[in-house]
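# An overview of the molecular structure
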Amino acid sequence: MKRIALISFLLLACMMGFAQGCLDPLLSQELNRRSDDERIEVIVLMKAQYDRSQLCRRADYYSSRAERRAFVVNELKTFTEASQHDLKSILVEMESHGLVSSVRSLWSANTLYFKATKTALLDLSERADIETISLNLQHRWIPDGERLKPASTTREVTPNITQVNADQVWGLGYTGAGVVVAVVDSGVNYEHLDLVDHLWDGGEAFPHHGYDIVNDDNDPMDDKGHGTHCAGTVCGDGTAGALTGIAPDATLMCVKSIRGDGFGGAVNIAGGMEWAVEHGCDLISMSLGMVDAGVTDKEILRRTCEAVLDAGIVAMVCAGNEGNAFLQMTYPVPNNVRVPACCPPPYLDPDQMANPGALSCVVAVGAVNYNDAAADFTSRGPVTWQDTEFGDYAYSPGIGLIRPDVCAPGVSIKSLDYNNISGYTNMDGTSQATPCVAGIVALMLQKNPELTPAEICRILEETSVKLTPTKSNITGVGRVDALAAVNAVEAYDGVNEQSIEAEIFPNPSIGSFTIVCEGMKKVSAYSVDGRLVKTFEANETECRIEGLERGVYLVRMETEKGIVNWKVVKM
């Protein structure tokens, strides 16, 4: 009986042109072109979303980044399972009748992916808990212009390393050791001699040092070349000849999210990011981006990038290679920067405060040449989110969201070849600039593993070589400088806080806080996104902190013996 009712509903829908409920217009058009029993790849965005402000308030109580990540991932998984429970029950029933297959869920965006027939989709389109059902469109994530060009095996330190002063950081003892960098890309040739001795140990479950999201298996071998080249810029250690890595001792986690032809869907990219976070990465390097993205793809990736930030992880993402005059006509501002590089940063530069909005994990990266001039291909901002569910960073009127944040060398970059275990190739693109910045972040995190995404972004911006008077929509605040960035990081173990007799109380507090310490010089309070909120007068032994709104803050005390940081909660 239920089957007869469903068929009647289908016939009615056919007469209506499939334009009902929560079906995206493109999907409605596609349904008209497909046969009744043909399965269509779709993405379902659920209406329910975890209250982000509440999630962050609870996450801020955890003292370490690892604890914060575990809490956020568990909370979002639990929330997603609960909100999708009824829908998944229906999908199981439909699957038993051959109407649905390949169901997959994303906790980072409360999203589902599956293949379904017209009958199933029309039945699902009237559900009140679904925001949108859209086509899972396949996009080219790697621009055509980023082609591998043969390079010599000359023993050298590649010039992009010296341009950003990374080699000088190694002399200070920081090479990225102990920092896990997830390269989310076309996979990695994990057998290359320059990578093989510092790969992520995934144990018996992940013997090839990562995961293949595309084929849903544990072998992320590169069949494109792009991911291996990017991985070499992060941490190629020169065993085979050329030292190409900014952080040559960083631990590499390999995540394959696009096919060998460079195409893929937003679900695979989001899935790669959340897999990396779940499995313990310290940062993400992602030289991928989608041009001409639809609203659903943008919203999925922004939801994911917000969840990654809330888990305490930062991502370097390429701005794209559509900046030349011809491609700007095809992809004009505010749609010239690729998704997800168009997502907001974890820290808002003072120049952005004229038009602020919400935050995400993305540090967007543009490209310069070896003379610090903007590469002609590097994509141009600003971008806007005013026409999506987020509704922020209005453009025209409004300055939009300034993109990129920083830039790095991206012209004629030598790195690893995926076709063998000892070769090298050259490539151009913001894809090559992005892992350079990721390598610098690995150096910073070795010095202080508890840096927040906001602190990382702020330090990168404040220490970059300024190329324009204000933050630019071509080169951001400027070209990154590894030595200046690492020097700006307070060493995690450089000051033994236990040797400084200091106390802050009460914490949490419903009113004021009091610090007691000998030799105080300066006391400051920062918001969780890294902004200076207030400074306080301190005599040599006591400081009273008053006037803070409810929330979580980092209180920083400078003394004659060093620096002490506290996380405080104003109730």
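Just above sits the structure.
Residues numbered from 1 in each chain as written. Predicted model: local features only at pLDDT ≥ 70, side-chain atom pairs only at ≥ 80, totals over all residues. Heavy atoms only, no water.

Across its full length, the protein holds 14 helices and 27 strands. Counting only C-alpha atoms, the protein reaches 80 × 65 × 55 Å along its principal axes. The buried share of the protein, reckoned over its 571 residues, is 58%. Contacts spanning at least 24 positions in sequence make up 75% of the contacts within the protein whose residues lie at least 6 apart. Entry remark: accessible area of the protein is about 22,000 Å², with carbon and sulfur atoms responsible for 50%. A distance of 3 Å separates the average location of the 47 positive side-chain charges in the protein from that of its 75 negative side-chain charges. (Helix = DSSP H or I, 4+ residues; strand = E, 2+ residues; numbered from the N terminus. Buried < 20%, exposed > 50% of the residue type's maximum accessible area, 1.4 Å probe, protein only. Contact = heavy atoms within 4.5 Å. Areas by Shrake-Rupley, 256 points an atom, 1.4 Å probe, with all protein chains shown as cover. Lys, Arg positive; Asp, Glu negative; His and termini not counted. Charge placed at Lys NZ, Arg CZ, Asp CG, Glu CD.)

Turning our attention to the environment of Thr162. The residue Thr162 is located in helix 6 (residues 159–163) in this model. C-alpha of Thr162 to C-alpha of Ala325: the two residues are 163 residues apart in sequence and 31 Å apart in space. Those residues within four positions of Thr162 in sequence are excluded, and the remaining contacts are Val157 and Asp167.

To continue, consider unusual backbone geometry. In this structure, Pro397 follows Ser396 across a cis peptide bond, with omega equal to 5°. Mapped onto the fold, Pro397 is located in the loop between strand 15 (362–368) and strand 16 (406–409). Residue Pro404 follows Arg403 across a cis peptide bond; omega there is 0°. Turning to its location among the elements, Pro404 is positioned in the loop between strand 15 and strand 16. Despite not being glycine, Asn165 shows a phi value in the positive range, around 65°. With respect to the secondary-structure elements, Asn165 resides in the loop between helix 6 and helix 7 (166–170). Its identity is not glycine, yet Ser396 carries a phi of approximately 55°, on the positive side. Note that Ser396 resides in the loop between strand 15 and strand 16. With relative accessibility at 57%, the residue Ser396 sits in the exposed group.

Moving on, we get to helix 2 (residues 25–33). Those residues of helix 2 not exposed but buried are Leu27, Ser28, Glu30 and Leu31. Buried positions in helix 2, seen along its axis, are confined to an arc of 160° and lie on one side of it. Relative to its buried face, helix 2 has exposed residues pointing more than 90 degrees away, namely Pro25 and Arg33. For helix 2, the N-terminal cap is Asp24; the gap from its side-chain oxygen to the backbone nitrogen of Leu26 is 2.9 Å. (Arc of directions from axis to C-beta. Polar contact = N/O pair within 3.5 Å; in protein donor to acceptor, adjacent residues only side chain to side chain.)

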